[in-house]
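What the coordinates show
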Amino acid sequence: MHANRTLTLDMQVIEAGAKTTADVGMITGDGRALHGHGTARRHPDDPDVPQIGDEIALARALFELGHKLLDTAANDIGERQHRRVHLMA
C-alpha cells in the first residue's frame, strides 16, 4: 500500500544587523503544530553576506524541528507499545 502525503513548512527569516533569526513551523498529519528556531550571528570582521546568515539560521531551525519530529514519533510509538522509545537522528 502506498500513500502520498504533502506537509508544508512555513519558514520565516529576519535579519537585524549582524543577527539573523529563522523560524520554521509545520502541522503534522494529525494536526499537531511543531516549531523550530535558529539564529546566526555575523562576526564584525566578516563580510556582510545575508544569504550565509539565512542558510545558517534556517539550518539550525530545521535541525531543531527535525529533533522535535523524532521526539513526537518516539512518543507516538511509545504510547502504542506502552514503553519508552528513543529514536536517534
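Above this text is the structure in question.
Below is a summary of the structure that appears in this document. (Residues numbered from 1 in each chain as written. Predicted model: local features only at pLDDT ≥ 70, side-chain atom pairs only at ≥ 80, totals over all residues. Heavy atoms only, no water.)

Quick notes on the overall build of the chain
Test applied: To qualify as a helix, a DSSP run of H or I must reach at least 4 residues; to qualify as a strand, a run of E must reach at least 2; elements of each kind are numbered from the N terminus. The globule rule used here is 2.2 Å times the number of residues to the 0.38 power, and the radius of gyration it is set against is calculated over C-alpha atoms. A simple rule labels every residue: compare its accessible area, found with a 1.4 Å probe on the protein chains alone, to the largest value its type can have, and call it buried under 20%, exposed over 50%, or partly exposed in between. Contact between two residues is taken to exist if any of their heavy atoms lie within 4.5 Å; hydrogens are not considered. Only the protein chains shown count as cover for residues, and the accessible areas themselves come from Shrake-Rupley with a 1.4 Å probe. Charge assignment in this entry is limited to Lys and Arg as positive and Asp and Glu as negative, and neither His nor the chain termini are counted. In plain terms, the charge of a residue is placed at NZ if it is Lys, CZ if Arg, CG if Asp and CD if Glu.
Regarding its fold elements, the chain presents one helix and three strands. Its helices and strands taken in sequence order, the chain reads β-β-β-α from the N to the C terminus. Over its C-alpha trace the chain gives a radius of gyration of 17 Å, far above what one expects of a compact globule, namely 12 Å for 89 residues. C-alpha extents for the chain along the principal axes are approximately 55 × 25 × 20 Å. The buried share among the 89 residues of the chain stands at 22%. Long-range contacts, defined here as pairs at least 24 residues apart, represent 34% of the contacts in the chain between residues at least 6 apart. Carbon and sulfur atoms make up 54% of the accessible area of the chain, which amounts to about 6800 Å² in all. Computing the positive centroid from 10 side-chain charges and the negative centroid from 13, the chain places the two 9 Å apart.

What about a nonpolar patch on the surface?
Condition: Exposure above 30% relative accessible area and the lack of any salt bridge qualify a residue for a patch; like charges then connect within 9 Å, and the nonpolar side chains Val, Leu, Ile, Met, Phe, Trp and Tyr within 5 Å. Take a side-chain nitrogen of Lys or Arg and a carboxyl oxygen of Asp or Glu: if they are within 4 Å of each other, that pair is a salt bridge.
Together, Leu9, Met11 and Leu62 make up an exposed nonpolar region whose accessible area comes to about 250 Å². Tracing the backbone through its elements, the reader meets Leu62 in helix H1 (residues 50-81).

Focus: the pairing of strand E1 (residues 9-16)
Condition: Pairing between strands requires that DSSP locate at least two bridges from one strand to the other.
In this sheet, strand E2 (residues 19-27) lies alongside E1 in antiparallel orientation, the contact comprising eight bridges. For Asp10, the partnering residue across the bridge sits in E2 and is Gly25. In sequence, E1 turns back onto E2 through a hairpin of two residues, with Gly17 there showing a positive phi of about 65°.

As for the side chain of Thr28
Condition: Pairs of N or O atoms within 3.5 Å make up the polar contacts considered here, provided that, within protein, one atom can donate a hydrogen while the other can accept it, and that residues adjacent in sequence are counted only when both atoms are side-chain atoms.
Positionally, Thr28 belongs in the loop between E2 and strand E3 (33-41). For Thr28, a relative accessible area of 11% gives the class buried. Of the polar contacts made by the side chain of Thr28, one reaches the side chain of Asp30; its length is 2.5 Å. If near-sequence neighbours (up to four positions away) are discounted, Thr28 is found in contact with Leu7, Leu34 and Leu69.

Some details on the pattern of salt bridges
Taken as a whole and assessed by the stated rule, the structure comprises four salt bridges. The partner of Asp30 in a salt bridge is Arg32, with the nearest N and O atoms 2.8 Å apart. You can call Arg32 partly exposed: its relative accessible area is 32%. In this structure, a network of salt bridges that share partners links the residues Asp30, Arg32 and Asp76.

Some thoughts on the environment of Ala40
Mapped onto the fold, Ala40 is located in strand E3. Along the primary structure Ala40 and Ala59 are separated by 19 residues, whereas in three dimensions their C-alpha atoms are 9.8 Å apart. What Ala40 contacts, discounting residues up to four positions off in sequence, is Ala18, Lys19, Thr20, Gly53, Ile56, Ala57 and Arg60.

Quick notes on H1
Convention followed: Given a helix with a known number of residues, its expected span is that number minus one, times 1.5 Å.
An ideal rise of 1.5 Å per residue puts 46 Å on 32 residues; H1 measures up with 46 Å between its terminal C-alpha atoms. Three or more residues of H1 are buried, namely Gly53, Ala57, Leu58, Ala61, Leu65, Thr72, Ala74 and Gly78. Summarising the contacts, the buried residues of H1 are in contact with E1, E2 and E3.

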